[in-house]
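As a plain string of letters, each chain reads:
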Amino acid sequence: MTMQVYFAPLESITGYVFRNVYETYYGGIDRYFTPFITATDSRRLRNKEMRDILPDNNSVGCLIPQIMSNRAEEFLRVADQMAELGYDTVNLNLGCPARTVVSKGKGSGFLARTVALDRFLREIYEKCPLKISIKTRLGVDDPEEFLEIIDIYNQYPVEELIIHPRVQKDYYKNTPNLDMFAEAVKRCRMPLCYNGDICSVEDYERIHTRFPEVSRIMIGRGLLTHPGLALAIKGEPVTGDITRIGKYADAVCRAYCEAYDRGSRCFSR
């Protein structure tokens, strides 16, 4: 079984400038995901978000726009814009644990409102012209919440379910709940992707040994600290790594400077 490796979206870090440089110097990524696009009642995306998803700005193999929303009409409006740009898949963010997001009932905060979540999913899966994958946490307070959430997800044609097996209140502390991920492996009807605390080949091997039927993993922080990790997981030699990482770091800095000089204003909203 060939393992697919995804690069997790990291807000303010893994934008198009970073992705393009990473792909040039390392690669080994099967799918990149954009930092979340916030769906609002505006009919226009923010300039920063539009620059990040424009196909002309991205030289990676497969890019999936991620959308954050708890209102179906707003989600569908952004999905339609992604379709116009040529994308065939979008990802729904139900995993962000930030208080500023959760307080608005979005990200992992939406998981507490299961009736509203079910209604939202029903509408977007009925009307969206694109495939929809979901990135989720287990719930807000208690991992047992995920058993009800799985039943909701199973009602819909979820393209794939990316599970970070922590609850919202964990943020990135404690350890991923692998027992609850095992429940998802048994119960979920859609393809699953594991996400959480893979920072080395050894971390990956522990997950793969316990869940050999799962052929997709998502890595975020581990790829920042170990840029060659995706290649190493796939058994590809990472040669000249000290030299490569120096050139890679220089290229990231240079790419941001060049983008800023061109007037892209990568850091502005």
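You'll find the structure just up there.
Please read all numbers here as calculations on a predicted model, not as lab measurements.

1. Quick look at unusual backbone geometry
Next, step 1: One non-glycine residue with positive phi stands out, namely Ser12, at about 70°.
Next, step 2: Structurally, Ser12 is set in the loop between strand E1 (4-7) and helix H1 (16-25).
Next, step 3: The exposed category is assigned to Ser12, whose relative accessible area is 55%.
Next, step 4: Not every positive phi belongs to a glycine, and Asp197 is a case in point at roughly 60°.
Next, step 5: Counting through the fold element by element, Asp197 comes out in the loop between strand E9 (192-195) and helix H8 (201-210).
Next, step 6: With a relative accessible area of 31%, Asp197 lands in the partly exposed category.

2. Things to note about the sheet that holds strand E2 (residues 31-33)
Next, step 1: Pairing is parallel across the open sheet formed by 10 strands, whose spatial order is E3-E5-E6-E7-E8-E9-E10-E1-E2-E4. Each end of this open sheet is capped by a strand with a single partner; those strands are strand E3 (37-38) and strand E4 (63-64).
Next, step 2: Summarising the sheet, E3 and strand E5 (residues 66-68) pair through two bridges and their orientation is parallel. Opposite Thr38, over in E5, you have Met68 as the bridge partner.

3. Quick notes on the packing of H1 against helix H11 (residues 241-261)
Next, step 1: Running from N to C, H1 and H11 point in directions that differ by 150°, and their axes come no closer than 9 Å. Classified by the angle between their axes, H1 and H11 sit roughly antiparallel to one another. Considering how the two elements wind past one another, H1 and H11 form a crossing that is right-handed. Listed contacts from H11 to Tyr16, Val17, Phe18, Val21, Tyr22 and Tyr25 of H1 are Arg244, Lys247, Tyr248, Ala251, Val252, Arg254, Ala255, Tyr256 and Ala259.

4. Thoughts on the nonpolar core
Next, step 1: Tyr22, Phe75, Leu121, Ile124, Phe146, Tyr153 and Leu161 are the most contacted members of the largest nonpolar core, which totals 78 residues.
Next, step 2: By size, the runner-up hydrophobic cluster in this structure holds seven residues, among which are Tyr6, Ala8, Ile64 and Ile162.

5. Observations regarding the side chain of Lys135
Next, step 1: You can see Lys135 is positioned in strand E7 (residues 131-136).
Next, step 2: Apart from the residues lying within four places of it in its own chain, the contact partners of Lys135 are Gln66, Asn91, Leu92, Asn93, Leu94, Gly95, Ile162, Asn195 and Met218.

6. Regarding H11
Next, step 1: Spanning 21 residues, H11 covers 30 Å between terminal C-alpha atoms, matching the ideal 30 Å at 1.5 Å per step.
Next, step 2: Lining the buried residues of H11 we find H1 and helix H10 (229-233).

7. Some details on the packing of helix H6 (residues 145-153) against helix H7 (residues 178-187)
Next, step 1: Interaxial distance between H6 and H7 falls to 11 Å at its minimum, and their mutual angle equals 25°. Considered as vectors, H6 and H7 are oriented roughly parallel to each other. The interaxial crossing formed by H6 with H7 has right-handed handedness. Every residue of H7 that contacts H6 at Phe146, Leu147 and Ile150 is listed here: Met180, Glu183, Ala184 and Arg187.
Next, step 2: In terms of residue class, the contact of H6 with H7 is made up of five nonpolar, no polar and two charged.

Quick notes on the rules
Residues numbered from 1 in each chain as written. Predicted model: local features only at pLDDT ≥ 70, side-chain atom pairs only at ≥ 80, totals over all residues. Heavy atoms only, no water. Helix = DSSP H or I, 4+ residues; strand = E, 2+ residues; numbered from the N terminus. Buried < 20%, exposed > 50% of the residue type's maximum accessible area, 1.4 Å probe, protein only. Pairing = 2+ DSSP bridges. Axes fitted to C-alpha atoms, helices over the stretch in contact; angles between N-to-C directions. Parallel < 35°, antiparallel > 145°, perpendicular 65-115°, else oblique. Left-handed = near helix turned anticlockwise from the far one by under 90°. Contact = heavy atoms within 4.5 Å. Core = buried A, V, L, I, M, F, W, Y, C linked by side-chain atoms within 4.5 Å. Expected span 1.5 Å × (residues − 1). Nonpolar A, V, L, I, M, F, W, Y, C, P; charged D, E, K, R; others polar.

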